[in-house]
Amino acid sequence: MDPFADTLRRLREAFGSGRTRPAEFRATQLKSLGRFLRDNKQLLQEALVQDLHKSAFEAEVSEIGISQNEIDLALRNLRAWMKDEKVPKNLATQLDSAFIRKEPFGLVLIIAPWNYPVNLTLVPLVGALAAGNCVVLKPSEFSRSTEKILAEVLPRYLDQSCFAVVLGGPQETGQLLEHKFDYIFFTGSPRVGRIVMAAAAKHLTPVTLELGGKNPCYVDDDCDPQTVANRVAWFRYFNSGQTCVAPDYVLCSPDTQERLLPALQRAITRFYGEDPQSSPSLGRIISEKHFRRLRGLLGCGRVVIGGQSDESDRYIAPTVLVDVQETEPVMQEEIFGPILPIVNVRSLDEAIDFINRREKPLALYAFSNSNQVVKRVLAQTSSGGFCGNDGFMHMTLASLPFGGVGASGMGSYHGKFSFDTFSHHRACLLRWPGLEKIYSLRYPPYSPRNLRMLLAAMEARSCSCTLL
Amino acid sequence: MSKFSEVVQRARAAFNSGKTRPLQFRIQQLEALRRMIKDHEKDIVGALTADLHKNEWNAYYEEVVYVLEEIEYMIKKLPEWAMDEPVEKTSQTQQDECYIHSEPLGVVLIIGTWSYPFTITIQPVVGAIAAGNAVVIKPSELSENMANLLATMIPQYLDRDLYPVIDGGVPETTEVLKERFDHILYTGNTAVGKIIMTAAAKHLTPVTLGLGGKNPCFVDKDCDLDIACRRIAWGKFMNSGQTCAAPDYILCDPSIQNQIVEKLKKSLKEFYGEDAKKSRDYGRIINSQHFQRVMGLMEGQKVAYGGTGDAATRYIAPTILIDVDPQSQVMQEEIFGPVMPIVCVRSLEEAIQFISQREKPLALYVFSLNDKVIKKMIAETSSGGVTANDVVVHTSVHSLPYGGVGNSGVGSYHGKKSFETFSHRRSCLVRPLLNDESLKARYPPSLAKMTRH
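Named according to an unreviewed UniProt entry, chain B is Aldehyde dehydrogenase originating from Neomonachus schauinslandi. In its Subunit (unreviewed entry) section, the UniProt record describing chain B reads: "Homodimer." The UniProt entry for chain B carries the following text under Sequence similarities (unreviewed entry): "Belongs to the aldehyde dehydrogenase family."

As recorded by an unreviewed UniProt entry, chain A carries the name Aldehyde dehydrogenase and is attributed to Neomonachus schauinslandi. Its UniProt record gives chain A a comment under Sequence similarities (unreviewed entry), which states: "Belongs to the aldehyde dehydrogenase family."

Student: Account for the overall build of chain B, with residues named and values stated.
Tutor: Counting its regular elements, chain B contains 14 helices and 19 strands. Taking 453 residues into account, the globule formula puts the C-alpha radius of gyration at 22 Å, and chain B, at 25 Å, falls close to it. Taken along the three principal axes of its C-alpha coordinates, chain B extends 85 × 60 × 40 Å. Taking all 453 residues of chain B together, 65% fall into the buried category. A separation of at least 24 residues holds for 72% of the contacts in chain B among residues at least 6 apart in sequence. When the accessible surface of chain B is summed, it comes to about 16,600 Å², and 51% of that surface belongs to carbon and sulfur atoms. The averaged location of the 54 negative side-chain charges in chain B is 3 Å from the averaged location of its 51 positive side-chain charges.

Student: Could you give an account of the pairing of strand β14 (residues 339-344) of chain A, with specific residues and numbers?
Tutor: All names here are of chain A. By the criterion of burial, β14 is predominantly enclosed, with five of the six residues buried. Here strand β9 (residues 249-252) runs beside β14; their pairing, made up of three bridges, is parallel. Looking at β14, one finds that valine 250 is bridged to isoleucine 342. In the sheet, strand β13 (residues 319-322) pairs with β14 via three bridges, with the strands oriented parallel. Following the sheet pairing, leucine 321 is matched in β14 by proline 341.

Student: Tell me what's going on with the side chain of serine 423 of chain B, and back it up with residues and numbers.
Tutor: Tracing the backbone through its elements, the reader meets serine 423 of chain B in strand β19 (residues 423-430). At 2.6 Å, the side chain of serine 423 of chain B and the backbone oxygen of phenylalanine 419 of chain B are in polar contact.

Student: Quick one: what's the story with the UniProt feature "domain: Aldehyde dehydrogenase" (unreviewed entry) in chain B, residue by residue and with numbers?
Tutor: Taken from the UniProt record, the annotation "domain: Aldehyde dehydrogenase" (unreviewed entry) applies to residues 5-425 of chain B. Helix makes up 43% of residues 5-425 of chain B and strand 17%, with an end-to-end C-alpha separation of 28 Å.

Student: Tell me about the domain arrangement of chain B, and name the residues and values.
Tutor: Residues and elements named next belong to chain B. Partitioning chain B into domains gives domain 1 (3-212 + 409-430) and domain 2 (216-395). The C-alpha centroid of domain 2 is placed 31 Å from the C-alpha centroid of domain 1. At the interface, 17 residues of domain 1 touch 19 residues of domain 2. Across the domain 1 to domain 2 interface the summed buried area is about 1,600 Å²; carbon plus sulfur atoms make up 54%. Our enumeration of links across domain 1 and domain 2 arrives at zero salt bridges. Between the two partners, domain 1 and domain 2, sit seven residue pairs in polar contact (both at pLDDT 80 or more). Of all the secondary-structure elements, those providing two or more residues to the side of domain 1 that touches domain 2 are α3 (41-52) and α4 (56-82).

Student: An account of a nonpolar patch on the surface is needed here, citing residue identities and associated values.
Tutor: Residues and elements named next belong to chain A. The grouping of Leu95, Leu435 and Ile438 at the surface amounts to a nonpolar patch, some 300 Å² of accessible area in total. Inspection of the secondary structure puts leucine 435 in the loop between β18 (423-430) and α16 (436-439). Given a relative accessible area of 36%, leucine 435 falls into the partly exposed group.

Student: Tell me about the packing of helix α13 (residues 348-356) of chain A against helix α14 (residues 371-379) of chain A, and please be specific about residues and values.
Tutor: Residues and elements named next belong to chain A. As a packed pair, α13 and α14 sit with axes 10 Å apart at the nearest point and diverge in direction by 25°. Between α13 and α14, the angle falls in the class roughly parallel. Crossing of α13 against α14: the hand is right-handed. Every residue of α14 that contacts α13 at Leu348, Asp349 and Ile352 is listed here: Val373, Arg376 and Val377.

Student: Describe the interface of chain B and chain A, and please don't skip the residues or the numbers.
Tutor: The interface of chain B with chain A comprises 107 residues on the first partner and 110 residues on the second. Contact between chain B and chain A buries roughly 8,900 Å² in total, counting both sides, with carbon and sulfur atoms accounting for 60%. Interface area lost by chain B to chain A is led by Trp57, Leu204 and Leu433 of chain B, which between them contribute 10%. For the interface between chain B and chain A, the tally reads nine salt bridges. For the salt bridge of glutamate 359 of chain A with arginine 180 of chain B, the shortest nitrogen-to-oxygen distance reads 2.8 Å. Taken together, the connections running from chain B to chain A amount to 43 residue pairs in polar contact (both at pLDDT 80 or more). Among the secondary structure elements, those contributing two or more residues to the side of chain B that touches chain A are α4, β2 (97-104), α8 (190-202), α9 (225-237), α10 (254-272), α13 (371-379), β15 (385-388) and β19 of chain B. Tallying contributions element by element places α4 of chain B first for the side of chain B that touches chain A, with eleven residues. Its residues assigned to classes, the side of chain B that touches chain A shows 48 nonpolar, 28 polar and 31 charged. Here four bridges tie strand β16 (residues 385-388) of chain A to β19 of chain B, and the two strands are oriented parallel to one another. The residue of β19 of chain B that forms the bridge with glycine 388 of chain A is valine 430 of chain B.

Student: Talk me through the packing of aromatic side chains; I want residue IDs and the actual numbers.
Tutor: Within the structure shown, the criterion is met by 28 aromatic pairs over all chains. Aromatic pair phenylalanine 235 of chain A and phenylalanine 392 of chain A: ring centres 4.6 Å apart, planes at 75°, arrangement edge-to-face. One end of the pair, phenylalanine 235 of chain A, is in helix α10 (residues 225-237); the other, phenylalanine 392 of chain A, is in the loop between β16 and β17 (409-410), and 157 residues separate them in sequence. Here phenylalanine 235 of chain A matches phenylalanine 392 of chain A in class, with each residue buried. Measuring from centroid to centroid gives 5.8 Å for tyrosine 282 of chain B and tyrosine 315 of chain B, while their planes differ by 70°, and the two rings are edge-to-face. In this pair, tyrosine 282 of chain B is assigned in the loop between α10 and α11 (288-297) and tyrosine 315 of chain B in strand β11 (residues 315-316), connecting sequence segments 33 residues apart. Judged by relative accessible area, tyrosine 282 of chain B falls into the buried class, the value being 0%. You can call tyrosine 315 of chain B buried: its relative accessible area is 5%. Following the ring pairs from residue to residue traces out a cluster consisting of Trp234, Phe235, Phe238, Phe271, Tyr272 and Phe392 of chain A together with Tyr443 of chain B. Lying across the ring of tyrosine 116 of chain B, lysine 54 of chain B places its NZ or CZ 3.8 Å from the centre. In this structure, arginine 358 of chain B packs its charged tip against the face of phenylalanine 354 of chain B, placed 3.8 Å from the ring centre.

Student: How would you explain the nonpolar core if you had to name every residue and give the values?
Tutor: Judged by nonpolar contacts, the single largest core of 158 residues is most densely connected at Val219, Ile250 and Ile260 of chain B. When residues in this core are grouped by element, the largest group, 14 residues, is from α4 of chain B. Ignoring anything within four residues of it in the chain, the contact list for isoleucine 250 of chain B reads Cys217, Val219, Ile232, Ile260, Leu264, Met340, Pro341, Ile342 and Val343 of chain B. Counting residues in hydrophobic clusters, the runner-up holds 101 residues, among them Leu150 and Phe238 of chain A together with Leu439 and Tyr443 of chain B.

Student: Go over the pairing of strand β8 (residues 249-252) of chain B with me, naming the residues and quoting the values.
Tutor: All names here are of chain B. Residue alternation in β8 divides its side chains into two sets, Tyr249 and Leu251 and Ile250 and Cys252, and both sets are buried. In terms of strand pairing, β8 meets strand β13 (residues 339-344) through three bridges, oriented parallel. In the strand pairing of β13, leucine 251 is matched with valine 343.

Student: Go over the side chain of serine 408 of chain B with me, naming the residues and quoting the values.
Tutor: Residue and element names in this part refer to chain B. If you trace the backbone, serine 408 turns up in the loop between β16 (402-403) and β17 (409-410). Exposure remark for serine 408: the relative accessible area of 0% places this residue in the buried category. Looking at serine 408, its side chain comes within polar contact range of the main-chain oxygen of lysine 360, at 3.1 Å. Polar contacts involving the side chain of serine 408 include one to the main-chain carbonyl oxygen of proline 361, which spans 3.1 Å. When sequence neighbours within four positions are dropped, the list of residues in contact with serine 408 reads Leu209, Gly210, Leu211, Gly212, Lys360, Pro361 and Leu362.

The rules behind these values
- Residues numbered from 1 in each chain as written.
- Chains lettered and ligands numbered in written order.
- Predicted model: local features only at pLDDT ≥ 70, side-chain atom pairs only at ≥ 80, totals over all residues.
- Heavy atoms only, no water.
- UniProt positions renumbered as here; feature names shortened; annotations may be inferred.
- Helix = DSSP H or I, 4+ residues; strand = E, 2+ residues; numbered from the N terminus.
- Rg over C-alpha atoms; globule rule 2.2 N^0.38 Å.
- Buried < 20%, exposed > 50% of the residue type's maximum accessible area, 1.4 Å probe, protein only.
- Contact = heavy atoms within 4.5 Å.
- Areas by Shrake-Rupley, 256 points an atom, 1.4 Å probe, with all protein chains shown as cover.
- Lys, Arg positive; Asp, Glu negative; His and termini not counted.
- Charge placed at Lys NZ, Arg CZ, Asp CG, Glu CD.
- Pairing = 2+ DSSP bridges.
- Polar contact = N/O pair within 3.5 Å; in protein donor to acceptor, adjacent residues only side chain to side chain.
- Domains from an automatic or database assignment.
- Buried area = accessible area lost by both parts, 1.4 Å probe.
- Salt bridge = Lys/Arg side-chain N within 4 Å of Asp/Glu carboxyl O.
- Patch = residues over 30% accessible without salt bridge, like charges linked within 9 Å, V, L, I, M, F, W, Y side chains within 5 Å.
- Axes fitted to C-alpha atoms, helices over the stretch in contact; angles between N-to-C directions.
- Parallel < 35°, antiparallel > 145°, perpendicular 65-115°, else oblique.
- Left-handed = near helix turned anticlockwise from the far one by under 90°.
- Nonpolar A, V, L, I, M, F, W, Y, C, P; charged D, E, K, R; others polar.
- Phe/Tyr/Trp six-rings, centres within 6.5 Å; stacked < 30°, edge-to-face > 60°.
- Lys NZ or Arg CZ within 6 Å of the ring centre and 35° of its normal.
- Core = buried A, V, L, I, M, F, W, Y, C linked by side-chain atoms within 4.5 Å.

Have a look at this one:
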């Protein structure tokens, strides 16, 4: 029994009918998506509290606000993005029309994660809809309350002949992936990313994989520790650390560590009070499984700040670890929780070496008063994105492509990059029957004279030699 | 570990040393590549003649010229493309530096194919070098002479650690694919494309796959048939039909089928004479296996021209088939040979439906004097690329991305698109480490900050 075959066939037929092509249709879908967010803001906020104990502030800035911005941006720019993109022509094609036509791929699958269940579901959806695709959405089963709204409320706002939500766990997702899609957009772990890409390979389906890694955070000796601590702490403990671009670990000298520790404590107290567990600003761990995983990591190195946990609440205190070994679990896997290990290095060179020995991360951070130091870290490492002297602010610009490299992912999106990701860029050249005399140089029989002429033209380099 | 592990590790170590980062180094390598081509023109032609019966003209005009132009273009544009690209800032980032920084990916694997063994292998190498990568080059073993030439020639001009040439067939390629690369570009067929992407998935390696398909060629009743047929004949029968972007089959109204046949014949005789076997300009099939395959496709078909072949020389005459049944074998696989089936359709709509029911091809061609026909055909189909009123040529425009969609491929390259394909575009935001007063609005506790809507 294939539970998905009917749905997929229906969507494919709708795509084949051409209804998602006109800009009006797409704009209507996007406007409805905006209404979904506005009409159900409170419902969504409550769901986010239930799933992740997310504060209203975090829900607004990292989930609802961001999604709304992307919708507005797409609506404002839709027609411009859809236009044929003219390209420069060579001499031989001066009289022709040469352009790139942006076409929808067809049937798109979006597999979304649980940590920002609104943002990471809707922002890719905006791109897929704007580009004119039919979409199958597979929200995460872990963020259950949000999943319910996405499955039951969202479809009412969209044209259901072109959009469907499918539910399930790994088994259902595996079944779903056996089908052919024209594009797959996946956000999640590298381990599952491999599975998704292998499934896509069977159908030659292009993919964007937004994965993860351990995002290093280098803190130079030349810095103001409190400013650094505020920024690092905020981005680390946001959403209780469950952010793919959060600073995962700090690299600094023992001296800087000494200055950072009290500053981190001050930041944590300022943000979350003396008893962080009672702060409405601090989130909770998504599931018992992840809670237990993180509680295990508390045994690594030495706890200097926090370290408390409460299983009944899936609460883990904002924690800082020191004396951490590279071989310990906390330095072997992406933490994805409110734990910040500090690893000591004796120099910038050593920090860069440390970073380059490992997989390319999704994000990389460097803090220093010296612009030179920041630029050196940038120049001598690689990562999906980079921010100097702050946390994942780079994500807030829709004009910057958001994506990984190496084990942290492939492809990117946000803003126009979303539209381009979900579009096939078709190369088009329109020419006319004229100029046949010029083109006839290309026809056989080939004479040594023609060849000499061509070679002379190549030598002179005075014109494009593809005299087609 | 295989013998390739060492080669790949050396390339990686050379990449990690940082020597490919300066633009000057990359430009020097590209200039060396250019010198190599100029110094070894005769050898390149010789290899192409031995492998595919190409002559001097074919070698230059259909192969070498593309690579030389790509090198020129790359050298000229590299400083501009490699620059940081500033982006539009938000109100919160006005004082910051916001830009996209292009970086090499690392070690790139390029697997070439045999039909244009020089261009298809080397043109992507140009882009990969320009983007600052180390490049492992694997030419197709089927075009043996070119593979041997590249293996000897390239190490004499390019950095040996960074740009090794490896050889071998299927078992060797399978071994190489176990290594980890930062990008793999493969040109070839769909079946192997899937194997490559599956292997790449293990390492989360992004891929560019230039595959194939059946490129339809719709000829409208309202068109200049003389010119259309001459252009079609040129694109179809060059390299004896062994061109990924060649028009695979013709779709036309039955009322013009005979005229098309006559005009194709006329052009073919102008190009290759009465007996193409005697023409210096007509190619040969790459090997016996493909020869047998293409000959087999003609079985049971109505031959309007040609239809003969000579196994000893792997020559197949330029062949036109008429009234072809869409269910027959010749319409089930990419022909990749000098056989042009004509399938009759009664309208533009029928042609569009015919095309849309099949896998998306690498290229689509439409001949018409009517702008509306062209626009409708493009709007209601999909393909890697399109040329209207000509064939193949969209692949020669550097500013157009070259690639497929669906079964015909993933990703694209040529010109700037090559540079982008082989680069990581890294988002960068750099702010000053000033005091936090301006940022404190974002920090918790936030309860007081939230107003209920």
